[in-house]
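# Examining the three-dimensional arrangement
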Amino acid sequence: IEPVIPWIRVLYAFPGEISQDLISLFKNEPRILPYLDIPLQHAHPAILRAMRRPADIESVKNLLDDLKAQIPHIAIRTTFIVGFPGEGFAEFETLLKFVDSMRFDRVGIFPYYPEQGTSSINLDDTTAQSEKERRVSELAALQESISLDLNRSLIGEEIDVLVEGFSSGMSVARSYRDAPEIDGLVFIRSKLEVGELFRVRVTDALVHDLNAELV
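Reading the values: rules and limits
- Residues numbered from 1 in each chain as written.
- Predicted model: local features only at pLDDT ≥ 70, side-chain atom pairs only at ≥ 80, totals over all residues.
- Heavy atoms only, no water.
- Helix = DSSP H or I, 4+ residues; strand = E, 2+ residues; numbered from the N terminus.
- Rg over C-alpha atoms; globule rule 2.2 N^0.38 Å.
- Buried < 20%, exposed > 50% of the residue type's maximum accessible area, 1.4 Å probe, protein only.
- Contact = heavy atoms within 4.5 Å.
- Phe/Tyr/Trp six-rings, centres within 6.5 Å; stacked < 30°, edge-to-face > 60°.
- Lys NZ or Arg CZ within 6 Å of the ring centre and 35° of its normal.
- Core = buried A, V, L, I, M, F, W, Y, C linked by side-chain atoms within 4.5 Å.
- Pairing = 2+ DSSP bridges.
- Right-handed = clockwise from strand over helix to strand, strands pointing away.

## Quick look at the overall build of the protein
Across its full length, the protein carries five helices and nine strands. Helices and strands appear in the protein in the N-to-C order β-α-β-α-α-β-α-β-α-β-β-β-β-β. Here the C-alpha atoms of the protein give a radius of gyration of 19 Å, agreeing with the 17 Å that 2.2 N^0.38 yields for 215 residues. The principal-axis extent of the C-alpha atoms belonging to the protein is close to 55 × 40 × 30 Å. With 215 residues in all, the protein has 45% of them scored as buried. Contacts in the protein between residues at least 24 apart in sequence constitute 69% of all its contacts with a sequence separation of at least 6.

The structure is reproduced here in structure tokens:
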């Protein structure tokens, strides 16, 4: 007997692997959550080439627009590396503008550091660590404003959540927009059964998390 798994989440999907067949699966299979983790790493073609990644950022934009058009409530997560060798102010500005225009639901941001065994180990890492951290903070501040706007847009909506625990009078849960350990949480002032799905209404929004009440 096949196990009944109500939630299936697609993580770490490269843009070239996202086909129309996969998009159709998102649309037609209710167990596939409308959540997609696409690790883009950067948005400037020269930096992407230096990373030995596909550099056609326009095709990535088209893909993201297509995903949002076909799956209106899809949550898209990505990750970026700042301070990669060759990233000057112009390249970083391109990344900022890309994030601002794409309005991702979730973004992980990491400063570059040399790592043995990678192709970038022989590149000149000339950006000071303090500048890398400054760029992390600037990009994070931009994304936090976007995340807060997107979370606030959910106030009043009903969503399904998976309960993971109970503490201080509140159940702690995750929605379809929240991958374990890396995304936000949903807090409900009711004691709900751990491991079960419940329908809740969003009542308030924070940068990463939501408050909700049982419907």
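## Section: unusual backbone geometry
For Arg103, which is not a glycine, the phi torsion comes out positive at approximately 55°. Assignment of secondary structure puts Arg103 in the loop between α4 (89-102) and β4 (106-111). Of note in this structure, Glu181 is not a glycine but carries a positive phi near 75°. Relative to the elements of secondary structure, Glu181 occurs in the loop between β6 (170-175) and β7 (186-188).

## Digging into the packing of aromatic side chains
Within a pair of aromatic rings, the relevant descriptors are the distance that separates the centres and the angle that separates the planes. Across all of its chains, the model carries five aromatic pairs by this definition. Aromatic rings pair up to connect Phe80, Phe98 and Phe104 into one cluster. Residue placement shows Lys191 over the ring face of Phe166; its charged tip is 5.3 Å from the ring centre.

## Regarding the nonpolar core
Grouped together as the largest cluster of nonpolar side chains are 36 residues, with contacts concentrated most on Ile18, Leu64, Leu67, Phe80, Phe98, Phe104 and Leu139. Of all the secondary structure elements, the ones that give two or more residues to this core are α1 (20-28), β2 (32-37), α3 (57-70), β3 (75-82), α4, β4 and α5 (129-152). When residues of this core are assigned to their parent elements, the largest contribution, six residues, is made by α4. Sequence-distant contacts of Leu64, defined by excluding residues within four places in its chain, comprise Ile38, Ile76, Phe98, Met102 and Phe104.

## A short note on the pairing of β3
Sheet faces and side chains relate simply in a regular strand, where the side chains alternate between the two faces. Of all the eight residues making up β3, seven are buried; the element is thus mostly covered by neighbouring parts of the structure. Summarising the sheet, β2 and β3 pair through three bridges and their orientation is parallel. Counterpart to Tyr35 in the pairing with β3 is Ala75. Judged from the six bridges that link them, β3 and β4 form a sheet pairing that is parallel. In the strand pairing of β4, Val82 is matched with Pro111. The β-α-β motif built from β3, the intervening α4 and the parallel element β4 has right-handed crossover chirality.

## Some thoughts on the side chain of Gln41
Within the secondary structure, Gln41 is located in the loop between β2 and α2 (45-50). A residue is classified by how much of its surface remains accessible, and Gln41, at 12% relative accessible area, is buried. For Gln41, the residues in contact, after removing those within four places along its chain, are Tyr12, Met51, Arg53, Thr79, Phe80 and Ile81.

By themselves these figures say nothing about function.
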